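Chain and residue survey
Next come the chains, spelled out residue by residue.
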Amino acid sequence: MPPDVLELFVDLAAMKSPPGEERQVADRVALYLRELGLVVEEDGAGAVVDATAGNLYCRVEPTDGDRGGGGGVPIFLCAHLDTVPPAGEIEPVVEDGTVRNAAGTILGADNKSAVAAMLDATRRVVEERRPHAGLELLFTPKEEVGLLGAAAFDESRLAAKVGYVYDQAAPIGEVILGAPYSQSMEVRFHGRASHSGMYPEEGRSAIAAAARAIADLRLGRVDEESTANVGLIEGGTAANIVPEWCTFVAEARSHDERKLADLVQEMLDAIAFAAGVAECEVDTHVQKSYRGYRFRRDDLAIRLAAEALRRRSHEPTYALSGGAADANVFNERGLACVNLANGMTAIHTADESIAVADLEEMVEVTLALLDAARQAEAA
């Protein structure tokens, strides 16, 4: 007998799967689906994004009464197989109705709780022969380092044009209407090395230039729609050498694409000014991380989610996310993909957890979503 959602989640969470090392988890997911009699296909994304596993795709054909595109809406569900890197072992335990990691590092509820809920709901669909208008499953690698698996997936394989990810750490019932646009930048200052005790005046400190630039940047919450951050910095060779090189990596996000462009230009201006003051050279590489999106409450994908939640006695709440998910990729490519909260808490930390009741409830929400989609009129 297949494991229930709790047993399945604990099994998956115990498997380390930092970005690029998803093979063990991918094999477990594929086995689970094949034991249900379903066909699972793995694409070549692993080679493209330097991961041990590619994207897993599985299609559950609509039930006989729902073939031919009657009135129902087929949907796809997507979850990622990787986690942020754990700093130690992962030993999931259930304490007072909540799953935690007894080993003191991440649990991996982000996003294995979604994987488990989607798999268990699929089992229910198959075993109970529940009517539905079409269900597709997609499990991706390397989401945590830039949505890379989803970006490498050929979305034309999806028959469904409406999809859902469960990748928001908030109480069940929260529906994400939008996510920000983002750009990243790698900044490399080139100064001049010299002995810091004997000939400091001959040196040009790349670290001092980088520090001035960072001090001049508006970091954190820039306004109600925008944020900026410097997350990595590296430079120098020894305490007694004026550092010739210094590199830092920054990002900027905004729900307003025009604001993002202005913020990035402001950052570039501050960087160039700091380089000039320090008499250093600077190379800056800016690239798009992902595109943002915004739904209306009356959009089909949002209405289906709200209906499913209400069927489970959750009054929907609506929010904007400050982060990205695989949903960003699919929305950019013309599919309507909504991010739903699933009860995860303190993700990416040693305090990460999820309630057993929330794991079980997201299975029911998934089934309610399939019911709502089957009974809906296609847009």
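Attention here is on the structure that accompanies the text. (Residues numbered from 1 in each chain as written. Predicted model: local features only at pLDDT ≥ 70, side-chain atom pairs only at ≥ 80, totals over all residues. Heavy atoms only, no water.)

Examining the layout of surface pockets
Its volume calculated, the largest pocket comes out at about 690 Å³. As for the largest pocket, its lining consists of 30 residues, of which Glu 143, Glu 144, Arg 253, Tyr 290 and Ala 324 are closest to the centre. Among the secondary structure elements, those contributing two or more residues to the lining of the largest pocket are strand S7 (162–168), strand S8 (174–179), strand S9 (181–190), strand S14 (245–254) and strand S15 (281–290). Counting residues per element, the lining of the largest pocket draws most heavily on S15, at four residues. (1 Å grid on protein atoms, 1.4 Å probe; cavity = no way out; pocket = protein on both sides within 12 Å on 5 of 7 lines; lining within 4 Å. Points joined across faces, edges and corners; volume = space filled by probe spheres on them. Helix = DSSP H or I, 4+ residues; strand = E, 2+ residues; numbered from the N terminus.)

Overview of the environment of Pro 200
Looking at the element boundaries, Pro 200 is found in the loop between strand S10 (194–195) and helix H6 (206–216). Put simply, Pro 200 and Asn 240 are 40 residues apart on the chain and 9.5 Å apart in space, counted from C-alpha to C-alpha. Sequence-distant contacts of Pro 200, defined by excluding residues within four places in its chain, comprise Ser 194, His 195 and Val 242. (Contact = heavy atoms within 4.5 Å.)

Observations concerning the packing of helix H1 (residues 5–13) against helix H10 (residues 356–374)
Two quantities define a packed helix pair, namely the angle between the axes and the distance from one axis to the other. It is the contact of H1 with H10, at a shortest axis distance of 9 Å, that shows an interaxial angle of 110 degrees. One finds that H1 runs roughly perpendicular with respect to H10. Seen along the crossing, H1 lies across H10 with a hand that is right-handed. For the pair H1 and H10, the contacting residues are Val 5, Leu 6 and Phe 9 in the first and Val 356, Leu 359, Glu 360 and Val 363 in the second. Of the residues contributing to the contact of H1 with H10, the split by class is six nonpolar, no polar and one charged. (Axes fitted to C-alpha atoms, helices over the stretch in contact; angles between N-to-C directions. Parallel < 35°, antiparallel > 145°, perpendicular 65-115°, else oblique. Left-handed = near helix turned anticlockwise from the far one by under 90°. Nonpolar A, V, L, I, M, F, W, Y, C, P; charged D, E, K, R; others polar.)

Observations regarding the packing of aromatic side chains
In this structure the tally under the stated criterion is four aromatic pairs. Look at Tyr 57 and Phe 153: their rings are 6.2 Å apart centre to centre, the planes differ by 35 degrees, and that puts the pair in the tilted class. Of the two residues, Tyr 57 sits in strand S2 (residues 56–60) while Phe 153 sits in the loop between helix H5 (148–151) and S7, which places them 96 residues apart along the sequence. Overall, the relative accessible area of 3% leaves Phe 153 in the buried class. Judged by centre distance (5.6 Å) and plane angle (70 degrees), the ring pair of Tyr 293 and Phe 295 falls under edge-to-face. Of the two residues examined, Tyr 293 and Phe 295, each falls in the buried class. (Phe/Tyr/Trp six-rings, centres within 6.5 Å; stacked < 30°, edge-to-face > 60°. Buried < 20%, exposed > 50% of the residue type's maximum accessible area, 1.4 Å probe, protein only.)

Side note on the pairing of strand S11 (residues 220–223)
Bridge count between S11 and strand S12 (residues 226–235): three bridges; the pairing is antiparallel. What sits directly across from Arg 221, in S12, is Thr 227. Hairpin connection between S11 and S12: a loop of two residues separates the two successive antiparallel strands. (Pairing = 2+ DSSP bridges.)

Re the sheet that holds strand S5 (residues 98–101)
Taken in spatial order, the three strands make up an open sheet running S4-S5-S19, and their pairing is antiparallel. Where the open sheet ends on each side, the last strands, each with one partner, are strand S4 (92–95) and strand S19 (354–355). Where S5 lies against S19, two bridges are found, and the strand directions are antiparallel. Looking at the pairing, Thr 98 lines up with Ala 355 of S19.

Some thoughts on the sheet that holds S9
Whether parallel or antiparallel, the strands of a sheet pair through hydrogen bonds between backbone atoms. Ordered in space as S11-S12-S14-S9-S15, the five strands form an open sheet in which the pairing is antiparallel. Looking along the sheet, the strands with just one partner apiece sit at the ends: S11 and S15. In this sheet, adjacent strand axes meet at a mean angle of 20 degrees when their direction is disregarded. As judged from the nine bridges shared by S9 and S15, these two strands associate in the antiparallel manner. When the sheet's bridge partners are listed, Phe 189 is paired in S15 with Val 282. Its contacts with the sheet put H6 on S9, S12 and S14, and the angle it makes with S14 is roughly 15 degrees.

Details of the pattern of salt bridges
Tallied over the full model, the rule gives 27 salt bridges. Linking Arg 59 and Glu 61 is a salt bridge whose minimum nitrogen-to-oxygen distance equals 3.1 Å. The class for Glu 61 is partly exposed, based on a relative accessible area of 41%. A salt bridge links Lys 259 to Glu 224; its shortest N-O distance comes to 3.4 Å. Here Lys 259 is found in helix H7 (residues 257–277), whereas its partner Glu 224 is found in the loop between S11 and S12, with 35 residues between them in sequence. The class for Lys 259 is partly exposed, based on a relative accessible area of 27%. The network of salt bridges with shared partners includes Arg 124, Glu 128, Arg 130, Glu 364 and Asp 371. (Salt bridge = Lys/Arg side-chain N within 4 Å of Asp/Glu carboxyl O.)

Section: the packing of helix H8 (residues 300–311) against H10
Relative to each other, H8 and H10 sit at 125 degrees, their axes nearing to 8 Å. Relative to H10, H8 is oriented oblique. In this structure, H8 meets H10 at a crossing whose hand is right-handed. Between H8 and H10, the residues in contact are Leu 304, Ala 305, Glu 307, Ala 308, Leu 309 and Arg 311 and Val 365, Ala 368, Leu 369, Asp 371, Ala 372 and Ala 373, respectively. Within the contact of H8 with H10, the residues separate by chemical class into nine nonpolar, no polar and three charged.

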